[in-house]
Amino acid sequence: FSSVPHQEICFPCGTDGHAIYLYFMKIEDRFILRIDNVGQGAEENHDKREVTESNNKYFEYRPCVVASFDFSELETNKVNLLSYLQRLCSIRKETGGNQYRNNHKISLIYNKASGDDKAVDLPNRFKDDNDWEYQKAQASDTCVYKNYVIGMSYRFYDPIKTNPMNLFDWILEEEKKH
């Protein structure tokens, strides 16, 4: 990461049947690991709310922050971040498995202990400082698109609200015209 105040790197992760996106982010002087997922695993791991529209009920989820600390602490946490990333890479390589195994993989993506695997020691100093917008739960078989678009919307809309212009909404409105 450079001295630019807002940067992020997207890392696709998940299981054989479900796409999840992890974002390594630098926002001002903070380093954040954010998971965008509104499907399998979101119910247990994300802040959620129930919404009712026209007698239809559905859930919305906020992105989950699995680690956050001052950017100046990046060097101190580098070994544990690398360990976490290696774990994610091994999960991506693994194919097959039953529902239990997929749930185990999802727990590890969220950096939770599962089976014999312990959570990686990563600080989460700003986890309650969550101003991320709620996103509607995905429909079946839309995880690759839906979970990626969450990150796109944050990239176009300033997540710390310093820029009132929502470029993502503008792009969607322009697309509707054509």
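Computed from a prediction, not measured in an experiment: that's the story for all the values here.

**Some remarks on the overall build of the protein chain**
Summing up its helical and strand segments, the protein chain has five helices and seven strands in all. Listed by position from the N terminus, the elements making up the protein chain come as β-β-β-α-β-β-β-α-α-β-α-α. Within the protein chain, the fraction of its 178 residues that count as buried is 42%. Long-range pairs, those at least 24 residues apart, make up 59% of the contacts in the protein chain between residues at least 6 apart in sequence. When the accessible surface of the protein chain is summed, it comes to about 10300 Å², and 50% of that surface belongs to carbon and sulfur atoms.

**Digging into the environment of valine 51**
As for its placement among the helices and strands, valine 51 is situated in strand S4 (residues 48–53). For the pair valine 51 and lysine 136, spaced 85 residues apart in sequence, the C-alpha separation works out to 9.1 Å.

**Some remarks on the pattern of salt bridges**
Under the defined criterion, the tally for this structure stands at six salt bridges. Notably, a salt bridge pairs aspartate 36 with arginine 34, separated by 2.8 Å at the nearest N-O pair. The pair aspartate 36 / arginine 34 is uniform in exposure class, with both members buried. Its salt-bridge partner being arginine 125, residue glutamate 73 comes within 2.3 Å of it at the nearest N-O pair. Of the two residues, glutamate 73 sits in the loop between strand S6 (64–70) and helix H2 (74–93) while arginine 125 sits in the loop between helix H3 (99–109) and strand S7 (135–136), which places them 52 residues apart along the sequence.

**Remarks on H2**
The end-to-end C-alpha distance of H2 is 27 Å, a good match for the 28 Å that 20 residues give at a rise of 1.5 Å each. Along H2, the positions that sit buried rather than exposed are Asn77, Leu81, Tyr84, Arg87, Leu88 and Ile91. Contacts from the buried residues of H2 go to strand S1 (6–15), strand S2 (18–27), strand S3 (30–36), S6 and H3.

**Some details on the sheet that holds S3**
With antiparallel pairing, four strands are arranged side by side in an open sheet as S1-S2-S3-S6. Of all strands in the sheet, those with a lone pairing partner are S1 and S6, marking the two edges. Pairwise comparison of adjacent strand axes, ignoring direction, gives a mean angle of 15° for this sheet. Bridge count between S2 and S3: seven bridges; the pairing is antiparallel. Across the sheet, tyrosine 23 pairs through a bridge with arginine 34, a residue of S3.

Basis of the calculations
- Counting starts from 1 at the beginning of each chain's written sequence and moves along it residue by residue.
- Residues qualify for local features only when their pLDDT is at least 70, as the model is predicted, and side-chain atom pairs are given and counted only at 80 or more; totals for whole chains, interfaces and linings, by contrast, use all residues.
- Neither water nor hydrogens contribute to the side-chain values; these are computed over all heavy atoms in the structure.
- Elements are defined by DSSP. Helices are runs of H or I of four residues or more, strands are runs of E of two residues or more, and each kind is numbered from the N terminus.
- Relative accessibility decides the category of a residue: with a 1.4 Å probe and only protein chains considered, values under 20% of the type maximum give buried, values over 50% give exposed, and everything between is partly exposed.
- Throughout, a contact is declared for two residues whenever any of their heavy atoms are within 4.5 Å.
- Only the protein chains shown count as cover for residues, and the accessible areas themselves come from Shrake-Rupley with a 1.4 Å probe.
- Take a side-chain nitrogen of Lys or Arg and a carboxyl oxygen of Asp or Glu: if they are within 4 Å of each other, that pair is a salt bridge.
- Given the number of residues in a helix, its expected span is that number minus one, multiplied by 1.5 Å.
- When DSSP locates at least two bridges between a pair of strands, those strands are taken to pair.
- The axes used here are C-alpha line fits, helices contributing only the stretch in contact, and every angle between their N-to-C directions lies in the interval 0 to 180 degrees.

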